[in-house]
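# Chain and residue survey
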There are 2 protein chains.
Amino acid sequence: MSQFERPNIAAMQGYSSGEQPLEKETIKLNTNENPFPASAKVQAALMDFATADLRVYPQPTADKLRDAIAAHHGLTRDHVMLTHAGDEALRLAITTFVEPGGTLGTTDPSYSLYPVLSKIQDATMQTLALEDDWSIPNTFAQAMTQHNAQLTCLVNPHAPSGHLTPLATIEAIAENISGVLLVDEAYIDFVDPSIAYSTKDLLNARDNVLVLRTFSKGYSLAGLRLGYLLGDPELIKPMLEKTRDSYNVDAISQALGLAAIEDQAYAQETWRVVREQRQVLSDALSAMGFSCPASEANFLLATMPEEIDAEGLYEALKAKSILVRYFPTPRLKDKLRITVGTAEQNEKLIATIRQLITR
Amino acid sequence: MSQFERPNIAAMQGYSSGEQPLEKETIKLNTNENPFPASAKVQAALMDFATADLRVYPQPTADKLRDAIAAHHGLTRDHVMLTHAGDEALRLAITTFVEPGGTLGTTDPSYSLYPVLSKIQDATMQTLALEDDWSIPNTFAQAMTQHNAQLTCLVNPHAPSGHLTPLATIEAIAENISGVLLVDEAYIDFVDPSIAYSTKDLLNARDNVLVLRTFSKGYSLAGLRLGYLLGDPELIKPMLEKTRDSYNVDAISQALGLAAIEDQAYAQETWRVVREQRQVLSDALSAMGFSCPASEANFLLATMPEEIDAEGLYEALKAKSILVRYFPTPRLKDKLRITVGTAEQNEKLIATIRQLITR
């Protein structure tokens, strides 16, 4: 350790990324990526890009892409800011709204990056346990207000359960919470369209709500690092004009993000297939004795049948070049989080699990 | 203003980027970009890139590129971390080593981003004025230590003067300073090779030195947002493992950075031409009565002849579609910072200035 590190940094642990195998043949169902590649129009945009244009700084606020995103959501440019993926969006919200010594709130369990970012800011993390069915307790807003949470983060659909909190509940929390509410919609693209979940009215009604979106999952661009925040212009402004790095989104990401968001037909077809495969996978796991709560995300949280050890199954799958995610925490240690893959990947996973648990 | 902003954020001003004109015919000598495009091998690497590879997360620490950079500098992988351009490198150094309420030190004048980043961290900025010839006062290390600066940043070659501080002076400062010394070498590629300036020995000898490098200027990739930090492995480690965003360098940047650093012959030829043109531009400005201190960067800081108003000349050049940089501060308000362009751009600039000042 360096003597120069701040004490809070020296004392903390960093974020553990999911494993990124180097072998191409590995079936990678551990980090919730979209199983399909990005649109051919994204590849075309890349082939059209001249690196001579990289000589100069990018447009600092990615306005062309902001406008396309604003139009997509029926909001204005001032409601939108582009970020270097969701990670930057979360960091900026904490930097801008949470004092060192202040409080960041969320549910338990939730995204394991939140406590890491909280420690970097030297803030305290306060959580409230989710109900057994992964729904948010009625007392959540009150609890966060009592803790003086300057920022509260909710992942919806929730990770790692896939549980979708209804919009009316989110609205009620936003109304009854004293600080900023950030709704991390990293997995929202995989929600069944019949549910008609849309935060647009909430964003127009409330000045304390931020919505985080990412191109990583829905648009198959995890390797590009592109995301955005939606919110009241006064809430967006300090992050856009003060706390973000001056040129936070590179010129290639701006061009590729535009191509991706404009090809809605392609992206939506990948989401439809993922939903279809989610059902297939859930049915197959249930038939083998696993229990999977309803998921509106691109993953399932499978509780083991009584005789199966989750960590053991995780290791056995890994030995067969199939990666899923195991969390060694009290509430999750009898479960595995499994990303929905292609039909072929899911069949291989099911066949392998069947083989492993019946021998 | 939102009621939810932290008071330090609400009170501060953001960073002002140099103007980015939308008209392609503008001669842009205001933000110190390389006048030549990136290597053809960078374009080839882009054309080889399959966006299907963007489906998954990038290698989190960009190890292939780290190894190439380590080899380039004769250091080890552990001495290197890639960043989302120099901006992220500076932010991480402050986040990791400067407490809220602590002190960040630099010279006056210096890079105008430092006070912005300092305010975001709620730290105090302490500066010491440079000598009339832009050299660093002998009392600098002592002054920074008295201020308890946890991090001190020096731009070398200095911006906006182009003055190069000799390595022996940097070494003496590193030895006599109590905190971390970050040497921001954004413009180092344009230093005359006969000077043989290399921080490798300093990095091996000192555990409190960070060196910042960027692909923005030397490798003509300002639009890509790629840079790196060099330093003692114990100094690099907390930034690499804890405070940086989990996937801070996207997959395309990793591929293009590798192509750029491997084509040293091309990059070095652009640096040679820039040095040659720097001399041509300096001679022509001097002949018209401007005074330019020796610059080892890709820009000149030209002091106006007595009868010429710097802001007026800046505006007059802008009206003729030539952008240079004017800083309205006491010490710089009779000067313009002019990026060295191509021979054609420099000739156009000189002819236009001649026309403007002799009419």
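### Describing the overall build of chain A
Of the regular secondary structure elements, chain A holds 13 helices and 11 strands. For the C-alpha atoms alone, the extent of chain A along its principal axes is close to 60 × 55 × 50 Å. Out of the 359 residues belonging to chain A, those deemed buried represent 64%. The contacts in chain A between residues at least 6 apart in sequence include a share of 74% that link residues at least 24 apart. Just so you have it, chain A exposes about 13500 Å², and 49% of that area is on carbon and sulfur atoms.

### Some points on the relation of the copies chain A and chain B
Mapping chain A onto chain B calls for a screw motion: a turn of 180° about the axis and a shift of 0.0 Å along it, with 0.0 Å RMSD after fitting. Taken together, the turn and the small shift mark the pair as related by a two-fold rotation axis. If distances are taken from each C-alpha of chain A to the rotation axis, the shortest is found for methionine 47 of chain A, at 2.9 Å. When the interface residues of chain A are mapped onto chain B, 100% of them again fall at the interface, so both copies present the same face.

### Comments concerning the sheet that holds strand E5 (residues 149-155) of chain B
Residue and element names in this part refer to chain B. A sheet is described by the order of its strands in space; here 7 strands give the open sequence E2-E8-E7-E6-E5-E3-E4, paired in mixed fashion. A strand with exactly one partner marks an edge of an open sheet, and here the two such strands are strand E2 (80-83) and strand E4 (124-129). Here the strands of the sheet are splayed against their neighbours by 25° on average, with no regard to which way each runs. Bridge analysis of E5 against strand E6 (residues 180-184) gives 5 bridges, and the strand direction is parallel.

### Observations concerning the interface of chain A and chain B
Every contact between the two is made by 79 residues of chain A and, on the other side, 79 residues of chain B. Broken down residue by residue, the surface that chain A buries against chain B is led by Phe4, Arg55 and Tyr57 of chain A, which jointly contribute 13%. Across the contact surface, chain A and chain B share 6 salt bridges. The salt bridge involving glutamate 99 of chain B is made with arginine 6 of chain A; its shortest N-O contact spans 3.6 Å.

### A short note on the pairing of E2 of chain B
Residues and elements named next belong to chain B. Taking every second residue as pointing to the same face, both faces of E2 are buried, with Val80 and Leu82 on one and Met81 and Thr83 on the other. With 4 bridges connecting them, E2 and strand E8 (residues 227-231) associate as antiparallel partners. Looking at E8, one finds that threonine 83 is bridged to glycine 227.

### Thoughts on the packing of helix H3 (residues 63-73) of chain B against helix H10 (residues 251-262) of chain B
For any two helices packed against each other, the geometry is given by the interaxial angle and the distance between the axes. Residue and element names in this part refer to chain B. Where H3 contacts H10, the axes come no closer than 9 Å and their chain directions differ by 25°. Looking at the two axes, H3 sits roughly parallel to H10. Crossing geometry of H3 relative to H10 is assigned as left-handed. Residues Lys64, Leu65, Ala68, Ile69 and His72 of H3 form the contact with H10, whose own contacting residues are Ser253, Gln254, Gly257, Leu258 and Ile261. Residue composition of the contact of H3 with H10, grouped by class: 5 nonpolar, 4 polar and 1 charged.

### Some thoughts on the side chain of serine 161 of chain B
Residues and elements named next belong to chain B. Inspection of the secondary structure assignment puts serine 161 in the loop between E5 and helix H7 (167-176). For serine 161, a relative accessible area of 0% translates into the label buried. There is a polar contact of 3.1 Å between the side chain of serine 161 and the backbone nitrogen of histidine 163. Contacts of serine 161, omitting those with residues within four sequence positions, involve Trp134, Pro293, Ala294, Ser295, Phe299 and Leu301.

### So, the environment of glutamate 306 of chain A
By the secondary structure assignment, glutamate 306 of chain A is in the loop between strand E9 (299-303) and helix H12 (310-319). Taking the C-alpha atoms as reference points, glutamate 306 of chain A and phenylalanine 290 of chain A, 16 residues apart in sequence, are found 9.0 Å from one another.

### A short note on the nonpolar core
One finds Ile252 and Leu285 of chain A together with Ile252 and Leu285 of chain B to be the most contacted residues of the largest nonpolar core, which totals 171 residues. Contacts of leucine 285 of chain B, omitting those with residues within four sequence positions, involve Phe290, Cys292, Leu300, Ala302, Ile338, Ile350 and Ile353 of chain B.

### What to know about the sheet that holds strand E3 (residues 103-108) of chain A
All names here are of chain A. Spatially, E2-E8-E7-E6-E5-E3-E4 is the arrangement adopted by the 7 strands of the open sheet, whose pairing is mixed. Each having just a single partner strand, strand E2 (80-83) and strand E4 (124-129) make up the two edges of the open sheet. Averaged over all pairs of adjacent strands, the angle between strand axes in this sheet comes to 25°, irrespective of strand direction. Sitting on the sheet, helix H5 (residues 113-120) is in contact with E3, E4, strand E5 (149-155) and strand E6 (180-184), with an inclination near 155° to E4. Each of E2, E6, strand E7 (209-214) and strand E8 (227-231) touches helix H9 (residues 233-243); the most contacted strand, E8, lies at about 140° to it.

### Structural notes on the side chain of histidine 79 of chain B
All names here are of chain B. Relative to the helices and strands, histidine 79 is located in the loop between H3 and E2. Engagement of the side chain of histidine 79 in a polar contact is seen with the side chain of threonine 76, the distance being 2.8 Å. Excluding residues within four positions of it along the chain, histidine 79 makes contact with Asn204, Leu229, Leu230, Gly231, Asp232, Pro233 and Ile236.

### Structural notes on unusual backbone geometry
In the segment running from aspartate 108 of chain A into proline 109 of chain A, the intervening peptide bond is cis, with an omega of 0°. As for its placement among the helices and strands, proline 109 of chain A is situated in the loop between E3 and H5. For the bond from asparagine 156 of chain A to proline 157 of chain A, the omega torsion is -5°, close enough to zero to count as cis. As for its placement among the helices and strands, proline 157 of chain A is situated in the loop between E5 and helix H7 (167-176). Phi is positive for alanine 196 of chain A, which is not a glycine, with a value near 55°. Here alanine 196 of chain A is to be found in the loop between E6 and helix H8 (200-205). A relative accessible area of 61% means that alanine 196 of chain A is categorised as exposed. Despite not being glycine, tryptophan 134 of chain B shows a phi value in the positive range, around 70°. When you line up the elements, tryptophan 134 of chain B lands in the loop between E4 and helix H6 (140-146).

Conventions adopted
Residues numbered from 1 in each chain as written. Chains lettered and ligands numbered in written order. Predicted model: local features only at pLDDT ≥ 70, side-chain atom pairs only at ≥ 80, totals over all residues. Heavy atoms only, no water. Helix = DSSP H or I, 4+ residues; strand = E, 2+ residues; numbered from the N terminus. Buried < 20%, exposed > 50% of the residue type's maximum accessible area, 1.4 Å probe, protein only. Contact = heavy atoms within 4.5 Å. Areas by Shrake-Rupley, 256 points an atom, 1.4 Å probe, with all protein chains shown as cover. Least-squares fit on C-alpha atoms with pLDDT ≥ 70 in both. Pairing = 2+ DSSP bridges. Axes fitted to C-alpha atoms, helices over the stretch in contact; angles between N-to-C directions. Buried area = accessible area lost by both parts, 1.4 Å probe. Salt bridge = Lys/Arg side-chain N within 4 Å of Asp/Glu carboxyl O. Parallel < 35°, antiparallel > 145°, perpendicular 65-115°, else oblique. Left-handed = near helix turned anticlockwise from the far one by under 90°. Nonpolar A, V, L, I, M, F, W, Y, C, P; charged D, E, K, R; others polar. Polar contact = N/O pair within 3.5 Å; in protein donor to acceptor, adjacent residues only side chain to side chain. Core = buried A, V, L, I, M, F, W, Y, C linked by side-chain atoms within 4.5 Å.

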